[in-house]
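# Examination of the molecular architecture
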Amino acid sequence: MDSILECELKSYDTTHPNRGIAVIINDSERREGSEKDVQDVVATLEGLKFNVRTFSDNTKKEIKKALYKVAREDHTENDCLVIVAMAHGKKDHITLKKEKLRIDKLWASFVGNKCPSLIGKPKLVFMQTCRGDRVDFGVASHETDSTPCSVDPAPGIIPMYADLLVMYSSYDRHISVRCKDKGSWFIQSLCQVLRANIAGKELISLLTQVSYIVSCQTSITSDGETVKQNRLLTQCSRKPSTLCQNKLSR
């Protein structure tokens, strides 16, 4: 029992020469304010020494090809991988250039033995997208990342993999709020937390803080109803890494 507990409490190695690659995917069609999200998340991740790759308004085929190419790279000297996807969507997919891409395809090339040099390393995915239509309509000066057209039924629950952490901007079947001039609540809260003094703090603690900031946001509909939002975190199966002081000060 002691050996099992010890295994579960091990932290990830964050002493590699490089922080890792961060893939930013954004579809800006009918998503005013998304440009600010891209600008801020790129600046934040570059500040943390990530090698940031940005893909804006690409087709589904182009994104799948880009992710496949990243998976073929050697990540031996990297701490982790980050993927940030921002688009309209529903429960199980995002929309890129009016084409539906299953959400789990974003990390399909990196899990298990698909990318050997990332085995045992954190793969962090942040999803800024609606997951349904549950929303109070008539929100002044705010939009949502929900696809207005009808979609096929969800084929099932997204599978869970070791070392994979997925953080959604909203709960299942709920909308995700985005401001035209200030960006989305979720992405802006994530950037705010990651820009703070995070040395020595565990990832789960930081993401809990992101959730709290998002939950404090409020908007009022034209009918006087309050709109709130909170995120859903799908945890990896191992203890998240403690971010090291020497890595953050590079």
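Provided above is the structure to which this section pertains.
Our subject in this report is the structure included herewith. (Residues numbered from 1 in each chain as written. Predicted model: local features only at pLDDT ≥ 70, side-chain atom pairs only at ≥ 80, totals over all residues. Heavy atoms only, no water.)

## Topic: the overall build of the protein
Which entries qualify depends on this criterion: Put simply, DSSP H or I for four residues or longer makes a helix, DSSP E for two residues or longer makes a strand, and each gets a number counted from the N terminus. Accessible area is worked out with a 1.4 Å probe on protein chains only. A residue is then buried under 20% of its type maximum, exposed over 50%, and partly exposed in between. By the convention used here, residues are in contact when the closest approach between their heavy atoms is within 4.5 Å. Every accessible area reported is derived by Shrake-Rupley at a probe size of 1.4 Å, with residue values counting cover from the shown protein chains alone.
Counting its secondary structure elements, the protein contains six helices and 14 strands. Across the 250 residues in the protein, those meeting the buried criterion constitute 50%. Restricting to contacts in the protein with at least 6 residues of sequence separation, those with at least 24 account for 81%. Entry remark: accessible area of the protein is about 12,100 Å², with carbon and sulfur atoms responsible for 52%.

## Digging into empty space enclosed by the protein
To keep it simple, the criterion reads: Detection works on a 1 Å grid of protein atoms alone, calling trapped sets that fit a 1.4 Å probe cavities and calling open sets with protein on both sides within 12 Å along at least five of seven lines pockets, with lining residues defined by an atom within 4 Å of a point. Grid points are joined across faces, edges and corners, and a volume is the space filled by probe spheres set on the points. Under the scheme applied here, ten amino acids are nonpolar (Ala, Val, Leu, Ile, Met, Phe, Trp, Tyr, Cys and Pro), four are charged (Asp, Glu, Lys and Arg), and all others, including Gly, are polar.
Following the criterion strictly, the structure yields two cavities of 30 Å³ or more and no others. Within this model, the second largest cavity holds a volume of roughly 60 Å³. By residue class, the composition of the lining of the second largest cavity is no nonpolar, two polar and five charged.

## Quick notes on the nonpolar core
Note the following rule: We define a nonpolar core as any set of buried Ala, Val, Leu, Ile, Met, Phe, Trp, Tyr and Cys residues linked to one another through side-chain atoms lying within 4.5 Å.
Ranked by internal contacts, the top residues of the largest apolar core, which has 30 residues, are Val41, Leu45, Val84 and Phe126. Taken together, the elements giving at least two residues each to this core come down to strand 1 (18-26), helix 2 (34-47), strand 3 (78-86), strand 7 (123-128), strand 9 (164-168), helix 4 (185-194) and helix 5 (203-216). With near-sequence residues (within four places) excluded, Leu45 lies in contact with Ala22, Ile24, Phe50, Val52, Val82 and Val84.

## Some points on a positive patch on the surface
Heads up, the rule is: To count toward a patch, a residue needs a relative accessible area above 30% and no salt bridge. Like charges then connect within 9 Å, nonpolar side chains (Val, Leu, Ile, Met, Phe, Trp, Tyr) within 5 Å. Each salt bridge in this description consists of a side-chain nitrogen of Lys or Arg and a carboxyl oxygen of Asp or Glu lying within 4 Å of one another. For the purpose of charge, His is not counted, nor are the chain termini; Lys and Arg are scored as positive and Asp and Glu as negative. A charge is said to be at NZ when it belongs to Lys, at CZ for Arg, at CG for Asp and at CD for Glu.
A grouping of Lys64, Arg72, Lys105 and Lys114 is seen on the molecular surface, where their side chains present a positively charged patch. For Lys114, a relative accessible area of 46% puts it in the partly exposed group.

## Side note on the sheet that holds strand 5 (residues 93-96)
Which entries qualify depends on this criterion: Pairing between two strands is assigned when DSSP locates at least 2 bridges connecting them.
If you trace the three strands from one edge of the open sheet to the other, you get 4-5-6, paired in antiparallel fashion. Strand pairing shows two members of the sheet lacking a second neighbour, strand 4 (88-89) and strand 6 (99-102), which therefore form its edges. Sheet topology places strand 5 next to strand 6; four bridges connect them, and they run antiparallel. Of the residues in strand 6, the one forming a bridge with His93 is Arg102.

## A word on the packing of aromatic side chains
We describe a pair of aromatic rings using the distance from one ring centre to the other and the angle between the two ring planes. The condition is simple: Between the rings of Phe, Tyr and Trp (Trp by its six-membered ring), a pair exists once the centres lie within 6.5 Å; its type follows the angle of the planes, with under 30 degrees stacked, over 60 edge-to-face, and the other angles tilted. Geometrically, a charge over a ring is one whose NZ (Lys) or CZ (Arg) sits within 6 Å of the ring centre while staying within 35 degrees of the ring normal.
By the definition in use, this model includes zero aromatic pairs. In this structure, Arg72 packs its charged tip against the face of Tyr68, placed 4.4 Å from the ring centre.

## Focus on the pattern of salt bridges
This structure, assessed with the given rule, holds seven salt bridges. The salt bridge partner of Arg53 is Glu73, with a shortest N-O separation of 2.9 Å. With Arg53 in strand 2 (residues 51-56) and Glu73 in the loop between helix 3 (60-72) and strand 3, the pair connects residues that are 20 residues apart, well separated along the chain. Across the pair Asp92 and Arg102 runs a salt bridge, and its minimum N-O distance is 3.6 Å. Of this pair, Asp92 sits in the loop between strand 4 and strand 5 while Arg102 is found in strand 6, placing the two residues 10 residues apart along the sequence. Judged by relative accessible area, Asp92 falls into the buried class, the value being 12%. Given the relative accessible area of 29%, Arg102 is considered partly exposed. Salt bridges sharing partners connect three or more residues here, namely Lys36, Asp40 and Arg195.

## Concerning the environment of Lys90
Inspection of the secondary structure assignment puts Lys90 in the loop between strand 4 and strand 5. Residue Lys90 is classed as buried on the basis of its relative accessible area, which comes to 6%. Taking the C-alpha atoms as reference points, Lys90 and Thr129, 39 residues apart in sequence, are found 7.4 Å from one another.

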